[in-house]
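# Structural characterization, general
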Amino acid sequence: MSKREKVLDTAVKMIIENGIQNTSMGKISKNSGVAVGTIYHYFESKEDLITEIYRNLKIKMLERVIENSQPMDDLYDYFNNSIKLLIKYAEENPIEFEFMERHHMSPVINTKVKEEIGNRYKKGIEKIFKMLDEEGLLKEDISLELMIQYFQSSVMGLVRSYINGEIKMTEKEVEQLIQMIWDGITK
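Scoring rules and cut-offs
- Residues numbered from 1 in each chain as written.
- Predicted model: local features only at pLDDT ≥ 70, side-chain atom pairs only at ≥ 80, totals over all residues.
- Heavy atoms only, no water.
- Helix = DSSP H or I, 4+ residues; strand = E, 2+ residues; numbered from the N terminus.
- Contact = heavy atoms within 4.5 Å.
- Areas by Shrake-Rupley, 256 points an atom, 1.4 Å probe, with all protein chains shown as cover.
- Lys, Arg positive; Asp, Glu negative; His and termini not counted.
- Charge placed at Lys NZ, Arg CZ, Asp CG, Glu CD.
- Phe/Tyr/Trp six-rings, centres within 6.5 Å; stacked < 30°, edge-to-face > 60°.
- Buried < 20%, exposed > 50% of the residue type's maximum accessible area, 1.4 Å probe, protein only.
- Axes fitted to C-alpha atoms, helices over the stretch in contact; angles between N-to-C directions.
- Left-handed = near helix turned anticlockwise from the far one by under 90°.
- Nonpolar A, V, L, I, M, F, W, Y, C, P; charged D, E, K, R; others polar.
- 1 Å grid on protein atoms, 1.4 Å probe; cavity = no way out; pocket = protein on both sides within 12 Å on 5 of 7 lines; lining within 4 Å.
- Points joined across faces, edges and corners; volume = space filled by probe spheres on them.
- Salt bridge = Lys/Arg side-chain N within 4 Å of Asp/Glu carboxyl O.

## Focus: the overall build of the protein
Across its full length, the protein carries nine helices and zero strands. Each helix (α) and strand (β) of the protein, taken in turn from the N terminus, gives the series α-α-α-α-α-α-α-α-α. Principal axes of the C-alpha set define a box for the protein whose edges measure 55 × 35 × 25 Å. The contacts of the protein with a sequence gap of at least 6 include a subset with a gap of at least 24, amounting to 72%. Element-wise, carbon and sulfur atoms account for 49% of the exposed surface of the protein, whose accessible area totals about 10,500 Å². The distance from the centre of the 26 positive side-chain charges to the centre of the 31 negative ones in the protein is 7 Å.

## Some points on the packing of aromatic side chains
Scanning the entire structure with this criterion turns up five aromatic pairs. Ring geometry for Tyr-42 versus Phe-43: centroids 6.3 Å apart, planes at 55°, classification tilted. Residue class for Phe-43 comes out buried when judged on its relative accessible area of 1%. Taking 5.7 Å as the distance between ring centres and 85° as the angle between the ring planes, the aromatic pair formed by Phe-129 and Phe-151 counts as edge-to-face. Of this pair, Phe-129 sits in helix H7 (residues 111-134) while Phe-151 sits in helix H8 (residues 144-163), and the two are 22 residues apart along the sequence. We note that Phe-129, like Phe-151, is buried. Following the ring pairs from residue to residue traces out a cluster consisting of Tyr-76, Phe-79, Phe-129, Phe-151 and Trp-182.

## Quick notes on the environment of Ser-29
Tracing the sequence through the fold places Ser-29 in helix H2 (residues 25-32). Look at Ser-29 and you get buried, because its relative accessible area is 12%. Taking the C-alpha atoms as reference points, Ser-29 and Ala-11, separated by 18 residues in sequence, lie 9.1 Å from one another. Excluding residues within four positions of it along the chain, Ser-29 makes contact with Val-34, Ala-35, Val-36 and Ile-39.

## A look at unusual backbone geometry
Unusually for a residue other than glycine, Asp-141 sits at a positive phi of about 65°. Within the element layout of this structure, Asp-141 appears in the loop between H7 and H8. Its relative accessible area of 82% is what places Asp-141 among the exposed residues.

## Thoughts on the packing of helix H1 (residues 3-18) against helix H6 (residues 94-103)
The contact between H1 and H6 brings their axes to 10 Å, and the two run at 65°. Crossing geometry of H1 relative to H6 is assigned as left-handed. Across the interface between the two elements, Val-12, Lys-13, Ile-15 and Ile-16 of H1 pack against Ile-95, Glu-98, Phe-99, Arg-102 and His-103 of H6. For the contact of H1 with H6, the residue count by class is five nonpolar, one polar and three charged.

## Describing empty space enclosed by the protein
Sizing a probe to match a water molecule and rolling it over the atoms shows the empty space that remains. Taken as a whole and assessed by the stated rule, the structure comprises one cavity of 30 Å³ or more. As a volume, the largest cavity reaches approximately 140 Å³. Considering the residues around the largest cavity, the lining is formed by 14 residues, among which Val-65, Ile-66, Leu-86, Ile-125 and Phe-151 are closest to the centre. Contributions of two or more residues to the lining of the largest cavity are made by helix H4 (46-67), helix H5 (75-92), H7 and H8. The residue makeup of the lining of the largest cavity, split by class, is 12 nonpolar, two polar and no charged.

## A closer look at the pattern of salt bridges
This structure, assessed with the given rule, holds 13 salt bridges. As a salt-bridge pair, Lys-60 and Glu-96 come within 3.1 Å of each other at their nearest N and O atoms. Here Lys-60 is found in helix H4, whereas its partner Glu-96 is found in helix H6, with 36 residues between them in sequence. Judged by its relative accessible area of 34%, Lys-60 is partly exposed.

Set out below in structure tokens:
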């Protein structure tokens, strides 16, 4: 692991444990074993570091869950698989997922980075919705933006509740919730 990666990894964990305000560059230096001067060589400020963490984690998740998921012959299977990939990602990377969830609205994150990530996310989600539309499966008289918001909030709420242990779900219940989301956007 490079020094830069050590800093990023250490900072994520410390910010989740202690919050942004209680995580100084000095503490990150001490816990990562990377000199403060070296940290500032990679990142101009703590805000720059946090923005880079956010950007890296979001891109990693997007690539794994949305951008690299392969369309399947059956659109429901593709839809179902995409949501399960997100659940699996969150289960395998709980600290990263929690960081993204806590800080996606943070004013600390650079606006341009938020726009970049938002555009990549929207492009990936629109791919699924475009396929559904081409097959005539989407509900009519509902804007695409509204359906995407419904989809996003439903899926992220499901994953967040599941990962945080607020709800315990069997595989059957996960399937039922995915079916409910599907039914909410399709005819």
